[in-house]
Amino acid sequence: MVSINPESKSRAVNREVLSELIKLHGKTSLGGKLPAYDGRKSLYTAGSLPFESEEFSVTLVDPEKKDKEKAEREYKITILIAGRTDLYHLQQFLKGRQRDMPQETIQVLDVVLRESPSWNYVTVSRSFFSTTFGHRGDIGEGLECWRGYYQSLCPTQMGLSLNIDISATSFFKPVTVVQFVLEFLNLRDASRPLTDRDRVKIKKALRGVRVETNHQEDQIRRYKITGITPVPMSQLTFPVDERGTRMSVVQYFMQRYKYNLQYTSWPCLQSGSDARPVYLPMEACKIVEGQRYSKKLNDKQVTNILRATCQRPQQREQSIREMVLHNKYAEDKFAQEFGINVCSDLVSVPARVLPPPMLRYHDSGKEKTCVPSVGQWNMINKVGRPPSIEKAFTRFGVPALKNIPTIIFGADVTPPPPGEDSASSVAAVVASMDWPEITKYSGLVSAQPHRQEIIENLFSVTKDPQRGNVNGGMIR
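Model, not experiment: these values are computed from the prediction.

Asks: An account of the overall build of the chain is requested, with residue identities and associated values reported.
Replies: Looking only at helices and strands, one finds 11 helices and 24 strands in the chain. Put simply, the chain has 476 residues, and 37% of those count as buried. Residue pairs in contact within the chain that sit at least 24 positions apart in sequence constitute 55% of those at least 6 positions apart. Counting only carbon and sulfur atoms, one obtains 51% of the accessible surface of the chain, whose full area is about 29,300 Å².

Asks: Report on the packing of aromatic side chains, specifying residues and quantitative values.
Replies: As enumerated under the stated definition, the model contains 16 aromatic pairs in all. Seen in terms of ring centroids, F129 and F171 are 6.0 Å apart; in terms of plane orientation they differ by 65 degrees. Their pairing is edge-to-face. With F129 in strand 7 (residues 127-129) and F171 in strand 10 (residues 159-172), the pair connects residues that are 42 residues apart, well separated along the chain. F171 carries the same exposure label as F129, and that label is buried. Here the aromatic rings of Y263 and W266 are separated by 5.6 Å at their centres, their planes lie at 40 degrees, and the arrangement is tilted. One aromatic cluster in this structure is built from F238, Y252, F253, Y257 and Y259.

Asks: Now, about a nonpolar patch on the surface: what can you tell me, with residues and values included?
Replies: There is a patch of nonpolar side chains on the surface, built from M158, V347 and V349 and spanning about 310 Å² of accessible area. Inspection of the secondary structure assignment puts M158 in the loop between strand 9 (143-156) and strand 10.

Asks: Could you give an account of the sheet that holds strand 22 (residues 440-448), naming the residues involved and the relevant values?
Replies: An order of 20-21-22 is seen for the 3 strands of this open sheet, with the pairing classed as antiparallel. Looking at which strands have only one partner, the edges of the open sheet turn out to be strand 20 (409-414) and strand 22. Sheet twist, expressed as the mean angle between neighbouring strand axes with direction ignored, is 15 degrees. Sheet topology places strand 20 next to strand 21 (residues 425-433); 6 bridges connect them, and they run antiparallel. Residue pairing across strands places T414 opposite V426, the latter belonging to strand 21.

Asks: Quick rundown of the packing of helix 5 (residues 177-184) against helix 6 (residues 196-206)? Include the residues and the values.
Replies: A pair of packed helices is captured by two measures, namely the crossing angle of their axes and the spacing between those axes. Across the interface, helix 5 lies against helix 6 with an axial gap of 11 Å and an inter-helix angle of 120 degrees. Here helix 5 is positioned oblique relative to helix 6, judged by the angle of their axes. Read as a crossing pair, helix 5 and helix 6 show a hand that is right-handed. Contact residues: helix 5 offers V177, F180, V181 and F184, while helix 6 offers K201, I202, A205 and L206. Per-class residue counts for the contact of helix 5 with helix 6 are 7 nonpolar, no polar and 1 charged.

Asks: Residue-level account of the pattern of salt bridges, with values.
Replies: Counted by the stated rule, this structure contains 13 salt bridges. In this structure, the salt-bridge partner of K76 is E74, at a minimum N-O distance of 3.8 Å. On the basis of relative accessibility, which here comes to 45%, the residue E74 falls in the partly exposed class. Where E367 meets K382, a salt bridge forms, and the shortest distance between an N and an O atom there is 2.9 Å. Taken together, the residues E367 in the loop between strand 18 (359-360) and strand 19 (369-370) and K382 in the loop between strand 19 and helix 11 (386-395) connect sequence positions 15 residues apart. Look at E367 and you get partly exposed, because its relative accessible area is 33%. One continuous salt-bridge network, built from bridges that share partners, spans R136, E144 and E289.

What counts, and where the lines are drawn
- Residues numbered from 1 in each chain as written.
- Predicted model: local features only at pLDDT ≥ 70, side-chain atom pairs only at ≥ 80, totals over all residues.
- Heavy atoms only, no water.
- Helix = DSSP H or I, 4+ residues; strand = E, 2+ residues; numbered from the N terminus.
- Buried < 20%, exposed > 50% of the residue type's maximum accessible area, 1.4 Å probe, protein only.
- Contact = heavy atoms within 4.5 Å.
- Areas by Shrake-Rupley, 256 points an atom, 1.4 Å probe, with all protein chains shown as cover.
- Phe/Tyr/Trp six-rings, centres within 6.5 Å; stacked < 30°, edge-to-face > 60°.
- Patch = residues over 30% accessible without salt bridge, like charges linked within 9 Å, V, L, I, M, F, W, Y side chains within 5 Å.
- Salt bridge = Lys/Arg side-chain N within 4 Å of Asp/Glu carboxyl O.
- Pairing = 2+ DSSP bridges.
- Axes fitted to C-alpha atoms, helices over the stretch in contact; angles between N-to-C directions.
- Parallel < 35°, antiparallel > 145°, perpendicular 65-115°, else oblique.
- Left-handed = near helix turned anticlockwise from the far one by under 90°.
- Nonpolar A, V, L, I, M, F, W, Y, C, P; charged D, E, K, R; others polar.

If you want it as structure tokens, here you go:
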């Protein structure tokens, strides 16, 4: 078990601390072990450490701080042996001799295989993303789509298997903040002042985003955005000395950096605290690359992601194979440390394709039989068989509705694939037409919030602008 003081909520900072610890003490106090770390409290080694409990001290330099005293920060790391994992129970479980799955052992091996990609790629939940994976598409409003892969270790009947699938998610484009605002608000005239509504939108979108300044050629500093100023930059002033002398941001940049600010009708970005704010002109800031956009995407952006990443099964299989080869598991130093070998081939399982059944329809139709092709068939020139319909109703406890006009509804929600934690779920509703045939259906598909199972606006009343009639939500 690992504890770091002062405690950080950032896994990236925690990893930096542990990396510095391994550089300083890996070959001595840690006994030459190469640990795998989950970024929080758990640290795993292949074999025992030469101590039961030990405290270390390391110093990190924060490049975003100006003063050296503030830039250097000391961390205290305490490593305490919390337990030892035995692979024997995992082997017994995989052989079918033990009923309880050793979840802790599987978690250890999963952390080991996630260690290298956690350093090399951007981590989002159980997925990893990088521009080195090829696709990087613009999805609109200052965002772009990155490709990546989902990875998890799981027990199967064939032993331990590494589950890998292609995934994609949205990131901020690494552009100037001015360009982002223009794209995000769909503005053409940058000289126009932002409305209060625009300001609120930008504040919500950029809060917590890291930017780097570009007004000093010899120095690039990074800041985290905490808000947007309530007044335009031309009206923004701040104290410059102990006597309370105030200076505008525009004057300060001209005197200090010889930088002539252009977008003075726009507000400034704000960093730091409300008590000691740091004002940053938007035109002097660029969004740092590799920051995921975690808020809800609009329908157009979802469509652009799907269009950019949609693949046929054969293409998806090839993409997965290429991803496995790209990761070079055989050369992974952490996998080697723990004696893990990953086969680069996909698992083959015995399977067979069952012939489709012959479908029979009512004799009154032009086509009385039909053989489905690839799981689908056409209902043109076919009429349902009423006796079969009545038997089906009776079988499922539905009373015969032979003489009562009836609509049969069907509904389903399809969530995004594993590892995709931003894409919308897709809801679909169908309804039968032309009773009593019930073989013709009208359908409607709609995007809704991520992994929401309850269909949104299913029964809300709306009015069709073209037909003028009243509709019930998704049901038309």
